Amino acid sequence: MKHFLNTADWTRPELQAMLDDARALKAKPFGDALKNKTIALLFLNNSLRTRTSFDVGARQLGGHAVVLSPSGGMWPLEFEEGARMDGEAEEHVKEAAKVLSRYCDMIGVRAFPKFQDWQEDRKDKILSAFAKYADVPVINMETITHPCQELAHILALQERFEREGRGPLDGKKYVLTWTYHPKPLNTAVANSALMIAAKFGMAVTLLCPSKDYILDERYIAQAEKYSADNGQALTISHDIEEAYRGADVVYAKSWGALPFFGNWAEEKPIRDQYKHFIVDEKKMALTNSALVSHCLPMRRNVKMTDAVFDSASCVAYEEAENRLHVQKAIMKALIR
Ligand code: CP
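The following refers to the structure shown.

Definitions and cut-offs
- Residues numbered from 1 in each chain as written.
- Predicted model: local features only at pLDDT ≥ 70, side-chain atom pairs only at ≥ 80, totals over all residues.
- Heavy atoms only, no water.
- Helix = DSSP H or I, 4+ residues; strand = E, 2+ residues; numbered from the N terminus.
- Expected span 1.5 Å × (residues − 1).
- Bend = angle between axes of the 7 residues up to and from the residue.
- Buried < 20%, exposed > 50% of the residue type's maximum accessible area, 1.4 Å probe, protein only.
- Axes fitted to C-alpha atoms, helices over the stretch in contact; angles between N-to-C directions.
- Left-handed = near helix turned anticlockwise from the far one by under 90°.
- Contact = heavy atoms within 4.5 Å.
- Nonpolar A, V, L, I, M, F, W, Y, C, P; charged D, E, K, R; others polar.
- Polar contact = N/O pair within 3.5 Å; in protein donor to acceptor, adjacent residues only side chain to side chain.
- Pairing = 2+ DSSP bridges.
- Salt bridge = Lys/Arg side-chain N within 4 Å of Asp/Glu carboxyl O.
- Near = heavy atom within 4 Å.

A look at helix H13 (residues 316–335)
- For H13, spanning 20 residues, the distance from its first C-alpha to its last is 29 Å, which sits close to the expected 28 Å at 1.5 Å a residue.
- Its maximal kink placed at Asn322, H13 deviates by approximately 30°.
- Burial analysis of H13 places 16 of its 20 residues in the buried class, the great majority of the element.

Right under this line is the structure:
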């Protein structure tokens, strides 16, 4: 039994096979690959795309989804091993994972960091506990990485470059740019974008305002390894013009600075100095007619201008749609 927790656990050919299947499912959406199968979708955080696309995707393949969330009446869960459960939690993840495995054929988990202590959050305890105790495949629906988003993103780029006759992703200049947001956000999509772009052979630049905004060393190291494997080198830049110049892809995301994790009042005035990292027409004019995207949800005219987001070069809607197709391919791959 294999889980889908992190794309690092899957080879590029294995991921490409899922992307190819996702394209086939996009062309022919309905089937019975998940007939009589049920997926439990556990949401400890909000969602629009993930929740809808998993539910719709399971149904389109003859299956069924059950959505669980604390706000929907689920018992509060305990995730610590050996905890003395005299607090709010009524049920341990051991029981929850094992019981759900008796009803369902897969379990999806969304559990964002608690944003208090990165050394704790980076352990990804909730997802790991479900993977450990479940007797069925577990899918990461976004914790400290977002692997489903990774596949949707890559598929959108492959499709658009192919349609425009611009060739494969290998060697394309890919810029992951930090953007301003009034709140410190999860690093999950940024970690994921860095890894998957490097894994698929692109020349990746991480653009962020200062060294404080460099992502966790684990993901930097993983992206460096993929880059080296593909004859590329990961670049970290704090120079907006240099990063945008000649870019083929610009991916926008905001995240909180890790050195200030849990100490966000101190980070806020620093972050507020970097509102000019917004993706706008002037920056995009420096690129090689770059495709631009965002995972959504996105604050318009804070992270990206309307003119850029609503332009023909933006593939954010394709990427969002592809969540449906890639997740169907992932569920099919896991259920075999
Ligand atoms: N991109 C994404 O995961 O969207 P939701 O948070 O709405 O699910």
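Now, onward.
Re the packing of helix H1 (residues 12–27) against H13
- It is the contact of H1 with H13, at a shortest axis distance of 8 Å, that shows an interaxial angle of 115°. Considering how the two elements wind past one another, H1 and H13 form a crossing that is right-handed. On H13, the residues that touch Met18, Leu19, Asp21, Ala22, Leu25 and Lys26 of H1 are Glu321, Asn322, His325, Val326, Lys328, Ala329, Ile330, Lys332 and Ala333.
- Of the residues assigned to the contact of H1 with H13, the class counts are eight nonpolar, two polar and five charged.

A few points about the environment of Glu318
- By the secondary structure assignment, Glu318 is in helix H13.
- Taking the C-alpha atoms as reference, Glu318 lies 9.2 Å from Glu159; in sequence the two are 159 residues apart.
- Contacts of Glu318, omitting those with residues within four sequence positions, involve Ala156, Arg160 and Arg163.
- Polar contacts involving the side chain of Glu318 include one to the side chain of Arg160, which spans 2.9 Å.

A word on the pairing of strand S5 (residues 106–110)
- Within S5, five of the five residues are buried, which leaves the element mostly enclosed by the surrounding structure.
- Here S5 shows two buried faces, one formed by Met106, Gly108 and Arg110 and the other by Ile107 and Val109.
- Where strand S1 (residues 38–43) lies against S5, five bridges are found, and the strand directions are parallel. Along S5, the bridge assignment pairs Leu41 with Gly108.
- Pairing geometry for S5 and strand S6 (residues 138–140), over three bridges, is parallel. Counterpart to Ile107 in the pairing with S6 is Val138.

Observations regarding the pattern of salt bridges
- Taken as a whole and judged by the stated rule, the model has 26 salt bridges.
- A salt bridge links Lys123 to Glu120, with the nearest nitrogen and oxygen atoms 2.7 Å apart.
- Owing to a relative accessible area of 46%, Lys123 belongs among the partly exposed residues under this scheme.
- Across the pair Glu241 and Arg245 runs a salt bridge, and its minimum N-O distance is 3.3 Å.
- Overall, the relative accessible area of 46% leaves Arg245 in the partly exposed class.
- Connected via shared salt-bridge partners are Arg160, Glu164, Arg166, Asp248 and Glu318.

Things to note about the site of the ligand
- Surrounding the ligand, one finds Ser47, Leu48, Arg49, Thr50, Arg110, His146, Gln149, Cys295, Leu296 and Arg323.
- Here an oxygen atom of the ligand sits 2.6 Å away from a polar atom, N or O, in the side chain of Thr50.
- Contact distances for the ligand include 2.8 Å between a nitrogen atom and a backbone N or O atom of Leu296.
- In the shell around the ligand, the residues fall into three nonpolar, four polar and three charged.

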